[in-house]
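Structure assessment
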Amino acid sequence: MPTMTEPIATEGGISVVLRPIEPSDADECSRIVYEAFGGIHDHHRFERDFPSLEAAAQLTSAFIAHPSIWGVVAEREGRVLGSNFLDERGPVRGLGPITVDPEAQGRGVGRRLMEAALERGAGAAGIRLFQDSFNVGSLSLYASLGFEVKEPAVVISGRPRSGPAAGIEVRRLEEGDLQACEDLCLRVHGFERTNELRDAIQVPVLSPFVALRGGRITAYATTLTFFPAAYAVAETEADMRALILGALAAGEAPASFLLPTRQAELFRWCLDEGLRVVKPMTYMAIGEYREPDGCWIPSVLY
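None of these values were measured; they are calculated from a predicted model. Per chain, the residues get numbers from 1 upward, laid out in the order the sequence is written. The predicted origin of the model limits local features to residues at a pLDDT of at least 70 and limits the giving and counting of side-chain atom pairs to 80 or more, whereas totals for whole chains, interfaces and linings rest on all residues. Excluding hydrogens and water, the side-chain values take into account all heavy atoms of the structure.

1. Here's the deal with the environment of Pro 298
- Each helix is a run of H or I in the DSSP string that is no shorter than four residues. Each strand is a run of E no shorter than two, and both are numbered from the N terminus. Relative to the helices and strands, Pro 298 is located in the segment after β15 (295-297).
- Taking the C-alpha atoms as reference, Pro 298 lies 9.3 Å from Ala 153; in sequence the two are 145 residues apart.
- Apart from the residues lying within four places of it in its own chain, the contact partners of Pro 298 are Phe 130, Ala 230, Tyr 231, Leu 258 and Pro 260. When checking whether two residues touch, look at their non-hydrogen atoms; a contact exists if any pair is within 4.5 Å.

2. A word on the environment of Ser 157
- With respect to the helices and strands, the residue Ser 157 is situated in strand β8 (residues 148-158).
- With 122 residues separating them along the chain, Ser 157 and Lys 279 place their C-alpha atoms 9.8 Å apart.
- When neighbours within four sequence positions are excluded, Ser 157 is seen to be in contact with Ala 255, Leu 275, Arg 276 and Val 278.
- Identification of polar contacts relies on pairs of N or O atoms within 3.5 Å, with a donor-acceptor requirement for protein atoms, meaning one able to donate a hydrogen and the other able to accept it, and with residues adjacent in sequence counted only if both atoms are side-chain atoms. A distance of 3.3 Å separates a polar atom in the side chain of Ser 157 from the backbone oxygen of Ala 255.

3. Observations concerning the packing of helix α3 (residues 109-120) against helix α4 (residues 136-144)
- Between α3 and α4, whose axes approach to 11 Å, the crossing angle comes to 45°. The orientation of α3 with respect to α4, classified from their angle, is oblique. Between α3 and α4 the crossing geometry is right-handed. Across the interface between the two elements, Gly 110, Arg 111 and Met 114 of α3 pack against Leu 141, Tyr 142 and Ser 144 of α4.
- In this count, Pro and Cys sit with the nonpolar residues alongside Ala, Val, Leu, Ile, Met, Phe, Trp and Tyr, while Asp, Glu, Lys and Arg are called charged and the others, Gly among them, polar. Broken down by class, the residue content of the contact of α3 with α4 amounts to 3 nonpolar, 2 polar and 1 charged. Lines fitted to C-alpha atoms define the axes here, with helix axes fitted over just the stretch in contact, and angles between the N-to-C directions of these axes take values from 0 to 180 degrees. For this classification, under 35 degrees means roughly parallel, over 145 means roughly antiparallel, 65 to 115 means roughly perpendicular, and everything else is oblique. Two helices that cross are described as forming a left-handed crossing if the nearer one is turned anticlockwise from the farther one by less than a right angle, and a right-handed crossing if clockwise.

4. A closer look at the packing of aromatic side chains
- Here the aromatic set is Phe, Tyr and Trp, taking the six-membered ring for Trp, and pairing holds for ring centres within 6.5 Å; pairs whose planes are under 30 degrees apart are stacked, those over 60 apart are edge-to-face, and all others are tilted. Under the defined criterion, the tally for this structure stands at 9 aromatic pairs.
- With 5.4 Å between their ring centres and 80° between their planes, Phe 63 and Phe 85 make a pair best called edge-to-face. Taken together, the residues Phe 63 in helix α2 (residues 53-65) and Phe 85 in strand β4 (residues 79-87) connect sequence positions 22 residues apart.
- Taken together, the ring pairs in this structure connect Phe 130, Tyr 283, Tyr 289 and Trp 296 into an aromatic cluster.

5. Focus: unusual backbone geometry
- With an omega of 5°, the peptide bond running from Gly 96 to Pro 97 counts as cis.
- Its place among the elements puts Pro 97 in the loop between β5 (92-95) and β6 (99-100).
- Located in the positive-phi region is Arg 45, a residue other than glycine, with phi close to 60°.
- Tracing the backbone shows Arg 45 in the loop between α1 (26-44) and α2.
- You can call Arg 45 exposed: its relative accessible area is 80%.
- Notably, Ser 207 is not glycine yet its phi reads approximately 50°, a positive angle.
- Note that Ser 207 resides in the loop between α6 (194-201) and β10 (209-213). A 1.4 Å probe rolled over the protein chains alone gives each residue an accessible area, and that area as a share of the maximum for its type sets the label: buried under 20%, exposed over 50%, partly exposed in between.

6. Observations regarding the sheet that holds β10
- Read from one edge of the open sheet, 5 strands run β9-β10-β11-β12-β15, paired in antiparallel fashion. At either margin of the open sheet sits one strand with a lone partner, and together these are β9 (169-172) and β15. For this sheet the average axis-to-axis angle between neighbouring strands, irrespective of direction, equals 20°.
- Strands qualify as paired when DSSP identifies two bridges or more between them. Sheet topology note: the β10/strand β11 (residues 216-221) ladder contains 5 bridges and is antiparallel. Its bridge partner being in β11, Val 210 is matched across the sheet by Tyr 220.

Next comes the structure, spelled out in structure tokens:
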């Protein structure tokens, strides 16, 4: 692949420059994120992931500022056409969000942004992402670049009917819990996500929680009320149910998390509790992948 800042041609016949994202790109990239996601969601009549430009700006600015999240932009004649990010906080990389200005879509810009991220993450154990299942364009692009479908999933929302479960303690996660949570993630997934969990402790709106059975941590979540950042692991489905009920009972915000639907019993339990499906998504991966050995909730990255 050409080096960064060297002009390259897209499949649509335009010449673009790829370069590392900079803080000064935040406003334009936020606008593109807001308009690109809004356009596809409105077209298919799904709720917007970013209900306002401010919401898109918060995520985009946070990603640009984070030292372990790599970003790239595509520009033509000084005008930013799109951006992409690669989360490098763990051994598995999380890709996205990737967005292209609606006026430049369909001209190969997205493919070039994806290729740049794949080249950046080539040495990782794997690269993973989620895409909206109704977006057949992105599904086809990712598959053509080597990503394989691993799980169907849905975004879940609402407030459960039941209160906290008996016999399992649920409390806020503390710094001293990180090692036990890392060990649990290793058992379930075969890799750790401790840096993300450590970051979540520093963001009050995320409110990480743990569930303890017999005084031992058997489940944890970064959050269960903001699906892009919500990931959770549990030894058993009972532990995950208790974690969901206890964490949501501790606040007033509704549930907002991704649920792989092959966990059929947990999916049915969510529906029985009055939670609703917001939209379908598809989990895709390149590289090493092991079927989880336990109950799990992924973030929008993986």
